[in-house]
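# Notes for the structure review
The chain contents come next:
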Amino acid sequence: MDSENGYILETRNLTKSFKTPDAPELVVLDGINLAVPTGSTCSIVGPSGSGKTTLLGLCAGLDQPSGGDVFLDGEKLSDLSEDQRASLRNAKVGFVFQNFQLVPTLTSLENVLVPLELTGRSDRREQAVELLQRVGLGDRLCHYPVQLSGGEQQRVALARAFVNRPGILFADEPTGNLDEETSEIIVEMLFELNAESGTALVIVTHDHELANLAGQVIRMKGGKIAERTVHSK
Amino acid sequence: MKFFRELLQRWTWQMAWRDTRRDRKRLLLFSLSIIFGTAALVSTGSLRENLRVAIEDQARELLGADLMLSSRRPLSDEALAKFSEIAGERIDETSFMTMLRFVDAEDESRLVQVRAIGKGFPFYGDVVTEPAEAWGDSVAGKGIVLEQSLMDQFDAKPGDFVRIGELNTQILGYLVKAPPRPSAFAAFAPSAYLSPTLLETTELLGSRSLARYRSFFKTPREIDVDEQILTKELKTFLVTEGIQHTSIEERKKRLGRILDNVYSFLSLIGFMALILGGIGIAGAIHVHILSRIGTVATLRCIGCSTNQVFSIFLVQAVLLGVFGSILGTGLGIAVQKAIPVFLSEVFPFEFEAKTSWLSVAASAGISLLLCVSFALFPLIRVRRISPLEALRSGIQPDKVGFRDVLFRSVVAVLVVTLVLSGLLLSPEKMPWLGLAFVGGLGVAIGILTLIAKGISHAARRYRSGFPYTIRQGIANLHRPRNQTLAFTVSIGLGVFLIVTMLATSKMLSSQFSPETKENESNLFLIDVQPDQKQEVKGLIESMDMKVIGDAPMISMRLTHIKGTPVSEIQADEKTRVPGWIVRRDFRSTYRAALVETEELVEGEWIPRVDEADFEKPVPVSIEEGIAKDLQVEVGDELGMDVQGLPLTLSITSIRKVDWDHQGLNFFLVFPEGLLEEAPGFHILTTNAGDSAQSGALQREAAIQFPNVTVFDMSLILKTVEDIVERAGYVVRFMSLYTVGAGIMILVGTILSGQRDRTEESVLLRTLGASREQIRSILLTEYIALGLFAAITGGILSIAATWGLAKFAFKVEFFTHLWPVAGAIVLTSLLCAAFGMILSRGVANHPPLEVLRGGK
Ligand SMILES: Nc1ncnc2c1ncn2[C@@H]1O[C@H](COP(=O)(O)OP(=O)(O)O)[C@@H](O)[C@H]1O
Ligand SMILES: [Mg+2]
């Protein structure tokens, strides 16, 4: 199995195209081969429209590829049903979004608890509290997202992403909506948590500094991998 | 089945509850539509029940009892014992026709029907005499009570003496409100009332073979006379004993189809209001789901399964439905309780405000079921929200179309619940009405959908030189996320249902209004000899009244049906021919043409025969209903005894008669040239505006034509009119509910588009649009949507009203252009007004909020 090969994520010849009513088929991803070793970090950079978000969605099993395969922790995603993929996501995947995507009707703590509750492990409340303390929001447990700043919201999102100790975390421009200073804090936390829990990171970003922190940098262009840089540790 | 497991998870309910946090007030507001719907259903159910009781009470008053037995012989002890045991209290009556001599008026005499009734009659209703104590005194055997017209005719006063056979007694007074007559047309002679002991003194009984013996019974309320007492077995027994029976069921028929219509209409209103509530709730859930797309997408990313998210929102819909139906039931009961307190003037019939808990529970159950079924539609979308939405906002949930299995199953669920509730809520007499209504609804939805597609299409093509704001407003009708379909269908349906209901209620009310009564006969002049006819007509006209009906009348008895003697038919237990038809006197007429209140439905109308040949079967036209009862068709033969002459009748045509109009309607109509020589008389009818006019005519007729009897039907007609008028109030009152539910639909529909409108407007404002411009864009869109929806709904409602008039209520259809036009204007204005009020924030919102994500 691939996970035994040491890869948490692997794509083989992944393609995605969209049918448009009048124009010919729009190929957004074209033969992407990607391998992310367990516990490693990977950043994806490239101009807007080059297919980064699409790739992320496919890797996380949020969408169906037009061709090729995605292996997540050794599981071939195309073999799984939508609900199986959902439970795989719950167990193995964390998400951080550009626009935070906290559930507006839940408090910070409740937001962090959702992934645990989904699997019936609501007993691990302390863990959620602890994580929120780690991201510096120990005193904001009962606040709703509207009562938090963007940076604070993103930190809650980070806590939520890590609470299940996922094998891999996907982040789509996690600092895109934040100022420089706040961005730095978020990035620091991301890598800290990665080092600590062994969660692999896949980060889409425009921030070159951030990109270069990763062990592997993928440069996309026109739906293809234009360049792959592996930093030796 | 995974789905049901999710539905039972604690977490699902917890999330469902937490998710309402920020919107509880709005959700409560939304539940108003289902509250109105349920309240309408609950209170119409109870009103219907109360109306039924009121009608039953009136019917009891028309008979004075629950059951009447009547025979040519004194009722046998066996029969009396049998019935007294099961039917409760009993009062006996003996009556016969005899001459009444006015001692003080030089012994002049007049044929009267003498009625000797025991103490306590009638069981229902009361008797009023002038002077008041006259009735009690007559029951106590102190004298006789007469009809006023008879006394006027002989210039008699209370205290004068009269003779009947050997009895010499004094007149105690005259009747103001007479006791119920066992048969309105049985005796065309004035009645005289005395006690059974006085009757003995006349010594006429033994020699009188024409006496009638009746027993009236008062049964406990909970007993259904027709179901429980008049069993097959007892009926057979009565036939062998030669006893006829009458229950209030037959009396109720006098109240006519008008009340049936009111009753059916009430059922329909409840159902309509509930459907409106369902549409409202569907709209509300739709709005709610739209505001939750981000949440759903995020939850799905985190690993929530589609079943889990679906369960969360289904739980919310169920909670909303439970809440709405409980509050609605409460409101319905409150309204029903409040009616007698606050509106006793409006609803003058005795309103017991009895709450039928079974019907309340049924209403609440049906409304919850319909609410959830309607809510399933917007809920399908939850399953279609892609987790990708969290990465890339603005993705539209997949279009849910008919090709989708889920969509089809939800449609199936809704159709099944609608059909079931339609069946449950249909009036007994028209079990198909609910179904037809659901079918009509389906057709209306189809047409509205097509119209909506057409509007979008036209808006895309539309180019004009109008200012930018108007072009922009119209463009909103076809752009992505347009509201055209949702608006046209929901508002169109709302207008359709409400206008249909208002127009139908108007149509039914016109049945109740007095104008149409002017040409209905309430005075019947019987026994007019052929040579008196012209003079009597002259008399009527000289008193400023119109002669409405004029017909010769010959009475005859049925002897054979299709060759079988009626005695055999009566003896046959299996026969389904009702006994009363076999026993009745057929008062028939002859004429060359059909009258206004009838219509030929089958066969050939024969105006006259040139040569009367009674050896051969003679042609006759028969009324539809009685033909059904006798189980005869065109071509069948009936045997009749026409005053001693046996005749064979051949049915040549069948007529449909409108019995709602009190007039001269006959079961059998012969062609001219047959019965002119038969002993008979004429019957003339007219309409008296009030009792004074009626009294004057009765007096004059009595003086000038002593053999003519004037029969005043206005009392019975008045009872009917009273009930019908009250029913009209109920109908109008109930209509208010549907309007309430309709407004909620409008609010819901506008709110569902508000998010997109806000975003767009804020963007336009950052680009430099003024508030004025934004308002006029919105105004254009809302007015256009309201106008198209209302016009379509209005036109559909004309079709539906026509269908209801023709097939369900059988009333004359007339287009009510005013309600339709009014609804169109009003709906557009309301759309514009609510649109402006609800998007007031849009123009005022600081653009920043939306740029921050608007969360
Ligand atoms: N649902 C869709 N239909 C058609 N084209 C799409 C769809 N989603 C994305 N695209 C196209 O795919 C390309 C890649 O988009 P995306 O993955 O968002 O790029 P990035 O995240 O690198 O900016 C873009 O050109 C976009 O227009
Ligand atoms: Mg992107």
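The following refers to the structure shown. (Residues numbered from 1 in each chain as written. Chains lettered and ligands numbered in written order. Predicted model: local features only at pLDDT ≥ 70, side-chain atom pairs only at ≥ 80, totals over all residues. Heavy atoms only, no water.)

Along chain A, the regular secondary structure elements total eight helices and 10 strands. Counting only residues that meet the buried cut, chain A has 56% of its 233 residues in that class. Considering only residue pairs separated by 6 or more positions, chain A has 69% of its internal contacts joining residues 24 or more positions apart. About 9,900 Å² of surface is accessible on chain A, with carbon and sulfur atoms providing 46% of the total. (Helix = DSSP H or I, 4+ residues; strand = E, 2+ residues; numbered from the N terminus. Buried < 20%, exposed > 50% of the residue type's maximum accessible area, 1.4 Å probe, protein only. Contact = heavy atoms within 4.5 Å. Areas by Shrake-Rupley, 256 points an atom, 1.4 Å probe, with all protein chains shown as cover.)

As enumerated under the stated definition, the model contains eight aromatic pairs over all chains in all. Judged by centre distance (5.4 Å) and plane angle (0°), the ring pair of Phe95 of chain A and Phe97 of chain A falls under stacked. Relative accessible area serves as the criterion here: at 1%, Phe97 of chain A is assigned to the buried category. Ring centres of Phe487 of chain B and Tyr782 of chain B lie 6.3 Å apart, and the angle between their planes is 40°; on these two criteria the pair is classed as tilted. Placement of the pair is Phe487 of chain B in helix H19 (residues 484-512) and Tyr782 of chain B in helix H27 (residues 771-809), with a sequence separation of 295 residues. Residue classification places Phe487 of chain B among the buried positions, given a relative accessible area of 0%. (Phe/Tyr/Trp six-rings, centres within 6.5 Å; stacked < 30°, edge-to-face > 60°.)

Around ligand 1 sit Phe18, Leu26, Val28, Pro47, Ser48, Gly49, Ser50, Gly51, Lys52, Thr53 and Thr54 of chain A together with Arg392 of chain B, and those are all the residues in its vicinity. The environment around ligand 1 is built from residues contributed by chains A and B. Gly49 of chain A is positioned such that a nitrogen or oxygen atom in its backbone is 2.7 Å from an oxygen atom of ligand 1. In the model, an oxygen atom of ligand 1 is placed 3.3 Å from a nitrogen or oxygen of the Ser50 of chain A main chain. Looking at the shell around ligand 1, the elements with two or more residues in it are strand E2 (26-37) and helix H2 (52-59) of chain A. Taken together, the residues of the shell around ligand 1 sort by class into four nonpolar, six polar and two charged. (Near = heavy atom within 4 Å. Polar contact = N/O pair within 3.5 Å; in protein donor to acceptor, adjacent residues only side chain to side chain. Nonpolar A, V, L, I, M, F, W, Y, C, P; charged D, E, K, R; others polar.)

Contacts between chain A and chain B engage 30 residues on the former and 30 residues on the latter. For the pair chain A and chain B, the two sides together bury roughly 2,700 Å², of which 58% comes from carbon and sulfur. Seen at the junction of chain A and chain B, the total is four salt bridges. Across the salt bridge formed by Glu110 of chain A and Arg21 of chain B, the nearest N and O atoms sit 2.5 Å from each other. Viewed at the interface, chain B and chain A are joined by 13 residue pairs in polar contact (both at pLDDT 80 or more). (Buried area = accessible area lost by both parts, 1.4 Å probe. Salt bridge = Lys/Arg side-chain N within 4 Å of Asp/Glu carboxyl O.)

All names here are of chain B. Of note, Ile312 is situated in helix H13 (residues 306-342). For the pair Ile312 and Val382, spaced 70 residues apart in sequence, the C-alpha to C-alpha distance is 9.9 Å. The contact partners of Ile312, leaving out residues within four places of it in the chain, are Trp11, Thr12, Met15, Ala16 and Leu299.

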